[in-house]
Amino acid sequence: MLHPKLLYKLSGIMLCLLCIAAGQAHAQRPDKIKVKPTSGKLSADIRSEAYYYPDFQDGTVSFRNGRTTVGNLNYNMLTGEIEFINSKKDTLALANMYDVTQAIFGTDIFYYDPESENLLKLLEEYDDKKLFVNERYELTNIKNVGAFGMESSTTSPTSSSSNQNIGDTQNRLKQNESLIYSAKSSYFIADKTQYMPATRASILRMFPEHKSEIKKYIKNQKFNLNEKEDLSQLLKYIAEL
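Heads up: these notes are all about the structure in this document. Predicted model only: the values in this text are computed from it and were never measured.

Reading the values: the criteria
- Residues numbered from 1 in each chain as written.
- Predicted model: local features only at pLDDT ≥ 70, side-chain atom pairs only at ≥ 80, totals over all residues.
- Heavy atoms only, no water.
- Core = buried A, V, L, I, M, F, W, Y, C linked by side-chain atoms within 4.5 Å.
- Buried < 20%, exposed > 50% of the residue type's maximum accessible area, 1.4 Å probe, protein only.
- Helix = DSSP H or I, 4+ residues; strand = E, 2+ residues; numbered from the N terminus.
- Contact = heavy atoms within 4.5 Å.
- Salt bridge = Lys/Arg side-chain N within 4 Å of Asp/Glu carboxyl O.
- Arc of directions from axis to C-beta.

Nonpolar side chains tend toward joint burial in soluble globular proteins. Counting residues in each nonpolar core, the largest one holds 26 residues, and the members touching the most others are Val61, Ile82, Val100 and Phe105. Counting only elements with at least two residues in this core, the list comes to β1 (32-35), α2 (44-50), β2 (57-63), β3 (68-76), β6 (100-105), β7 (108-113), β9 (129-145) and β11 (177-190). If we ignore the near neighbours within four places in the chain, the residues touching Val61 are Arg67, Thr68, Thr69, Leu73, Ile82, Leu94, Val100, Gln102 and Ala103. Residues Met196, Ala198, Tyr217 and Ile238 belong to the second largest nonpolar core, which totals 20 residues.

Okay, structure coming up:
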């Protein structure tokens, strides 16, 4: 029989290992994804790399017409679409993201912003103001495979091409080219009527009655508005004005 102190230590070690494993499972998404020319369809391997969750989640999707549906859901960070598993065990994407208002994956709540064409994850709420993040893979490089299998950059994607349809982009590639997509996090704020990128100008426009105090606070604190912690601190300060 093991000594009680040994059992206690083993239990502590097991708990740590489980926590590490859980963290790794959620953080297993790669920083970059390479996509080869295809007929416009993503391979199963690429899809699995691009999913927000390692496994499909029980979830609910709400639509603009008031209808809701439940199912096994996941968010594809490469295509920006919500995908589900149907009764035949096929993996399909929702037909039109513009019809979506809200999606719930487990305990996570997402809203769709039709203007930016992004699925936004709710992070925090301050009174009637909300902080969101959009996590997505964006096209950052197009590489050419030359002699001896060496890769070199051939094209710097424009801002418009970085968000274009993945299938259309793949179809235009030559056989010796590949797309490099990089993970990116973009933050948004919202009130009851609109979503806006979390920039200094947007924040000042959303809180015109506190413009002078916010300007002074941002300058004194030297905030990086691309960081969640700094945005959270700023919105918390504004909520207390």
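Read on, since the account is not over.
This paragraph deals with the pattern of salt bridges. Going through the model one piece at a time under the given rule, you end up with five salt bridges. In this structure, Glu125 and Lys130 form a salt bridge, with 3.8 Å as the shortest nitrogen-oxygen distance. Notably, a salt bridge pairs Lys129 with Asp128, separated by 2.8 Å at the nearest N-O pair. Of the residues examined, Lys129 reaches a relative accessible area of 17% and is grouped as buried.

Count 3.6 residues to each turn of an α-helix, and residues three or four apart come out pointing the same way. Every buried residue belonging to helix α5 (residues 211-221) is among Ile214, Tyr217 and Ile218, and all of these are buried. Taken around the axis of α5, the buried residues stretch over an arc of 95 degrees, which confines them to a single face. Exposed residues pointing more than 90 degrees away from the buried face of α5 are listed as Ser212, Lys216, Lys219 and Asn220. Along its buried surface, α5 packs onto α4 (200-206) and α6 (228-239). Directly after α5, the chain includes Lys222, whose backbone phi takes a positive value near 55 degrees.

This part is about the environment of Asp113. The residue Asp113 is located in strand β7 in this model. Judged by its relative accessible area of 5%, Asp113 falls in the buried class. Spatially, the C-alpha atom of Asp113 lies 9.6 Å from that of Gln102, the residues being 11 residues apart in sequence. Dropping the residues within four chain positions of it, Asp113 is found in contact with Asn118, Leu120, Phe188 and Tyr195.

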